[in-house]
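Observations on chain architecture
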Amino acid sequence: MGRSIAIDGPAGAGKSTIAKSVAQSLGYIYVDTGAMYRAIALYFLEENVDIDSESEVKEACDAIDINIGYEGGIQQVYLNDENVTERIRTPEVSKRASITSANPKVREKLLSLQQNLAKANDVIMDGRDIGTTVLPNADLKIFLTASVKTRAKRRYDELVKKGEKVDLESIEEDIKKRDKQDMTREISPLAQAEDAVLVDTSELDPTEVRDKILALYNKKS
């Protein structure tokens, strides 16, 4: 059984950035759960799986295996032993992933794959339900958050840097809607696990957040 850290929280709290940084510091595998959902979406696309057909979805899920590995320090995603790291980043796959990820059979499949990864490796996972559903026995659970204004500003700055024209107020409204959707969805809603440590990143930079989580983890080790 590997060691594990679960990081949950709302959109824009910096979960992926922090999880990758902590994983690198500890030499653990960062499990990109979003990439795993994309890999399933890719399979469904290429095999023309009808998401509305329970039998087709079950058959597809039974045929899928996903693993996370590293080449030259860069994370790679393998679908049935084939490296699909680049192929899962297309707009078409992103669009399909938002649909397939809501399917209970797909979520059940991913839950099994993620838990198996955690049994075989020392891992860090981030998401919406890692501490509550995926890794309920994680060695450390973090609920990472930040104010809506802070998260909106981070997203705004990120998009402006890419040369996109965006409106800060619209981004704030989108984040509020996303929070409500995540917290009220029927399957595995966003919630802080009872034994999770709340870490507010509003006034902290990524290095400070990483060091805080490492300190918390070292106390438990």
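Look up a bit, the structure's there.
1. Considerations on the pairing of strand 7 (residues 140-145)
Here strand 7 lies mainly inside the structure; 6 of its 6 residues are buried. Where burial is concerned, the two faces of strand 7 agree: the one with Leu140, Ile142 and Leu144 and the one with Lys141, Phe143 and Thr145 are both buried. Looking at chain direction, strand 7 and strand 8 (residues 197-200) are connected through 4 bridges and run parallel. Counted as the bridge partner of Thr145 is Asp200 from strand 8.

2. Observations concerning the packing of aromatic side chains
Under the definition given, this model contains 1 aromatic pair. Between Tyr28 and Tyr217, the aromatic rings sit 6.1 Å apart at their centres with planes inclined by 90°, giving edge-to-face as the arrangement. Of this pair, Tyr28 sits in the loop between helix 1 (15-26) and strand 2 (29-31) while Tyr217 sits in helix 9 (residues 206-220); the two residues are 189 residues apart in sequence, bridging distant segments of the chain. Taken individually, Tyr28 and Tyr217 each receive the classification buried, so the pair is uniform in this respect.

3. Overview of the pattern of salt bridges
One pass over the structure, following the stated rule, counts 16 salt bridges. Note that Glu46 is salt-bridged to Arg87, the shortest N-O span being 2.7 Å. With a gap of 41 residues between them, Glu46 in helix 2 (residues 33-46) and Arg87 in the loop between strand 5 (82-83) and helix 4 (91-100) connect regions that are remote in the sequence. Across the pair Asp129 and Arg107 runs a salt bridge, and its minimum N-O distance is 3.7 Å. Here the residue Asp129 occupies a position in the loop between strand 6 (123-127) and helix 6 (130-134), and Arg107 occupies one in helix 5 (residues 104-120), the gap between them amounting to 22 residues. Assessed through its relative accessible area of 17%, Arg107 is described here as buried. Overlapping salt bridges bring together Glu46, Glu82 and Arg87 as one network.

4. What about unusual backbone geometry?
Despite not being glycine, Asn48 has its phi angle at roughly 55°, a positive value. Along the chain, Asn48 turns up in the loop between helix 2 and helix 3 (54-63). Exposure remark for Asn48: the relative accessible area of 65% places this residue in the exposed category. Located in the positive-phi region is Asn80, a residue other than glycine, with phi close to 50°. Here Asn80 shows up in the loop between strand 4 (74-79) and strand 5. Look at Asn80 and you get partly exposed, because its relative accessible area is 34%.

Parameters at a glance
Residues numbered from 1 in each chain as written. Predicted model: local features only at pLDDT ≥ 70, side-chain atom pairs only at ≥ 80, totals over all residues. Heavy atoms only, no water. Buried < 20%, exposed > 50% of the residue type's maximum accessible area, 1.4 Å probe, protein only. Helix = DSSP H or I, 4+ residues; strand = E, 2+ residues; numbered from the N terminus. Pairing = 2+ DSSP bridges. Phe/Tyr/Trp six-rings, centres within 6.5 Å; stacked < 30°, edge-to-face > 60°. Salt bridge = Lys/Arg side-chain N within 4 Å of Asp/Glu carboxyl O.

These figures come from the coordinates and say nothing about function on their own.
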